[in-house]
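Listed below are the residues making up each chain.
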Amino acid sequence: MKILIIEDEVELAKSIASYLSSNDFICEIANDYKSGIEKVSFYNYDCVLLDLNLPDGDGIEILNHLKQIHKTDGIIIISAKETLENRIECFQKGADDYLTKPFHLSELFVRIQALIRRKNFKGSNIIQFNEISIDLLAKSIFVHTIEIDLTKKEFELLLFLIGNNNKVLSKSAIAEHLSGDMADMLDNHDFIYAHIKNLKKKLNESHCTDYIKTVYGLGYKWQND
Amino acid sequence: MTKKLLQSTLQKYLVFSFIVLIISAPIFYFLTEKLYLEDADETLYLRRNEFVKLTMPKMSKIDIVVWNKISKDGKIIPYSKTFRENNIFFTTKYDAITNENEPYHVLKSKIKIEKTPYVLVLKINLIESEDLILSVLILFSLTLTILLTGMYLITKRLSIKLWEPFYNTLKQIEQFEIDKHKEPYFLPSEIEEFHRLNDAITKLIKNNLLIFQSQKEFIENAAHELQTPLAIIQSYLDSLIQQPDLTLEQANYIGKINLVVSKFNKLNKNLLLLSKIESNQFEKMEPILVNKLIKKHLDFFTEQAEIKNITIHFHQEYQMKVNSNMLLTEIVINNLFQNAIKHTHEYGRIEIQILKNRLLFKNSSNDNKLNTNQLFERFSKSHNNPNGNGLGLSIIKKIIDRNHWEIKYYFENQYHIFEIIFEN
């Protein structure tokens, strides 16, 4: 999978690249508008991460440019601008997703995965992970072909964990992912403990390998030994 | 006690006019009377002189009886030594026609007819003078009253017109709110002082608006600019926790930093939100059913409350419909929820009540009443909750003010109660 990161903050671009690279993603970085336009014109990417505030131009123009040259790269906007108007404008101009800074890399990662899945959608939308298969359309989960019943939150938690396979996820990243728009209203992240416990229990009951590991002081990890 | 400017001026006018009237009326009366009496006495002297010059030389002693008969106001009586020359004195004489005593001035003078001394007694009736004085007095009072009333009315009308720009300016300043985007417009005035006043106020307001604007922009820019460094810290933290050989101690530190960063992030977002509310970036109004909005978030907050074993009870006694901005109204509800959960003890209870035009958030508490003075001020933290960033309530207040609603806080039966009163 090829990803282009158009972001003028070199440090941020680098840390995104390093997080994604360890998951078989090939990342390229453009630090300004000009090189961003060049790269999207000459190459094809599965996903473009686009910052709107670039020193030599408006990121929105890159959206327009992609539309003009009929490219269908998936685009995720990463921006400090968080107004509804901004989001709507970006979506109207062909963006697929919008993440407001600051964000967790794990969140960005599952968004990229979801975007690529949508782009490559060929009739079925099933994630297979060893003995677990997840049907994203039917929202159903099978372990060893036996369906298990998860709540909506548990389902999302499982997807988030599997998506960030072998990564340590901080409690705040999980909590914010599960809360969506309401993340700002969280006072603490303790509520995820109950969801993790229940998910673990349900997976164990259907003889699933215990992938969910607790990382002390930090959070949790979906570990595939 | 304060008085209106016009009222105060007119009051002094009236008092002055009244005093003038009271004092001048008797003075006028006595003066007129004195003048009249002098006039009457002069007439007496004139008639005496006339008599001495014209009548007396042609008179003989026999004529005296005839003359006394014809003359109504004059008598010639024999001379006696007791009388005093040219003396005018006051006397009353009974008048049979009017059936009352009438006042007279009498002049007695010594005359000689055919070389024999006689006394000429001339008298003048003063009754006419009293009527005259009374009429003059009434006329005078009437004129003065008309004059004063006219002056009062004219002053009043003139003052109202004259002070109009001042009252307009006053009203404009009273209605002026620095965070609303409406500059006051002052009526142009031809009076120099008002013109100067308007100029000075306009200048003052302009300066204040500029300062307010730059302060607002500073907050918004600062909060905005902080987002990128925050994003970098966050992404490095996310990368750092992937390190395989972290010790437990290191992991603990990172975990704590993570918490602080997410708190920082929330604080920053709230600051941005506040400055956006202040710069009117949420103008779209729509009808909102408050009940529905609360139900929408009830699950989320019930889950948050369960961590502290708090139960939430929602009583809907009324379907509350408001016309407002959806996003802002949602923020009010969410912040009230969050606030209630934050300040409720373990195993506590939260009650949400919708009554007619009112929304109540009650939460049980072991504390005392909150300090109401600074409750809705920015960064006013309650000492027993170091977790809050002190912006939640000030955001609520700001939105409530925008909507012209009202928020009240009180403490009753160990419950903190926040009550929102929607428009009546």
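Description of the structure in this document. Here the structure is a predicted model, which means the values were calculated and not measured. (Residues numbered from 1 in each chain as written. Chains lettered and ligands numbered in written order. Predicted model: local features only at pLDDT ≥ 70, side-chain atom pairs only at ≥ 80, totals over all residues. Heavy atoms only, no water.)

Observations regarding the sheet that holds strand β3 (residues 100-113) of chain B
Within a sheet, adjacent strands bond to each other through the backbone by hydrogen bonds, running parallel or antiparallel.
Residues and elements named next belong to chain B.
Point 1. Within the open sheet, the four strands sit side by side as β1-β4-β3-β2. Their pairing is antiparallel. Looking at strand neighbours, the two that pair on one side only are β1 (74-78) and β2 (87-95), the edges of this open sheet. Between one strand axis and the next, the sheet turns through 35° on average, direction left out of account.
Point 2. Where β2 lies against β3, nine bridges are found, and the strand directions are antiparallel. Opposite Y94, over in β3, you have N101 as the bridge partner.
Point 3. Along the sheet face, helix α2 (residues 63-70) touches β1, β3 and β4 (116-125) and points at about 145° away from the line of β1. (Pairing = 2+ DSSP bridges. Helix = DSSP H or I, 4+ residues; strand = E, 2+ residues; numbered from the N terminus. Axes fitted to C-alpha atoms, helices over the stretch in contact; angles between N-to-C directions. Contact = heavy atoms within 4.5 Å.)

Structural notes on the pattern of salt bridges
Where charged atoms from two side chains of opposite charge approach closely, those side chains can pair.
Point 1. Summed over all chains, the structure comprises 17 salt bridges over all chains.
Point 2. With its nearest N and O atoms 3.0 Å apart, the salt bridge here joins A:D97 to A:R111. Linking A:D97 in strand β7 (residues 97-100) with A:R111 in helix α5 (residues 105-119), this pair joins segments that are 14 residues apart in sequence.
Point 3. Between B:K34 and B:E38 there is a salt bridge; the shortest N-O distance is 3.2 Å. On the criterion of helical spacing, the pair formed by B:K34 and B:E38 is a turn pair, its members being four residues apart in helix α1 (residues 5-55).
Point 4. With relative accessibility at 38%, the residue B:E38 sits in the partly exposed group.
Point 5. Taken together, the salt bridges that share partners define one network made up of A:E7, A:D51 and A:K101. (Salt bridge = Lys/Arg side-chain N within 4 Å of Asp/Glu carboxyl O. Buried < 20%, exposed > 50% of the residue type's maximum accessible area, 1.4 Å probe, protein only.)

Considerations on a nonpolar patch on the surface
Point 1. Among the surface-exposed residues, B:V15, B:F18, B:I19, B:I22, B:I23 and B:I27 lie close enough to one another that they form a single nonpolar patch of about 580 Å² accessible area.
Point 2. Looking at the secondary structure, you find B:I19 in helix α1. (Patch = residues over 30% accessible without salt bridge, like charges linked within 9 Å, V, L, I, M, F, W, Y side chains within 5 Å. Areas by Shrake-Rupley, 256 points an atom, 1.4 Å probe, with all protein chains shown as cover.)

Section: the pairing of strand β13 (residues 212-215) of chain A
All names here are of chain A.
Point 1. Inspection of the sheet shows β13 paired to strand β14 (residues 219-222) by four bridges, in the antiparallel sense. When the bridges of β14 are listed, T214 appears paired with Y220.
Point 2. The loop that links β13 with its antiparallel partner β14 comprises three residues; one of these, G217, has a positive phi angle of about 85°.

Regarding the sheet that holds strand β11 (residues 146-148) of chain A
Residues and elements named next belong to chain A.
Point 1. If you trace the four strands from one edge of the open sheet to the other, you get β8-β9-β10-β11, paired in antiparallel fashion. Two strands close off the open sheet at either side, each with one partner strand: β8 (126-129) and β11. The average angle at which neighbouring strand axes cross in this sheet is 25°, direction not considered.
Point 2. For strand β10 (residues 140-143) and β11, the ladder comprises three bridges, and the chain directions are antiparallel. Its bridge partner lying in β11, V143 is registered against I146.
Point 3. Lying on the sheet, helix α6 (residues 152-163) is in contact with β8, β9 (132-135) and β10; it crosses β9 at an angle near 120°.

What to know about the packing of helix α7 (residues 326-342) of chain B against helix α8 (residues 392-402) of chain B
Residue and element names in this part refer to chain B.
Point 1. One way to put it is that α7 packs onto α8 with a least axis distance of 9 Å and a crossing angle of 145°. Handedness of the α7/α8 crossing: left-handed. Residues L328, I331, V332, N335, L336 and N339 of α7 touch α8, and the partners they reach there are G392, L393, I395, I396, I399 and I400.
Point 2. Class assignment of the residues belonging to the contact of α7 with α8 gives a composition of nine nonpolar, three polar and no charged. (Left-handed = near helix turned anticlockwise from the far one by under 90°. Nonpolar A, V, L, I, M, F, W, Y, C, P; charged D, E, K, R; others polar.)

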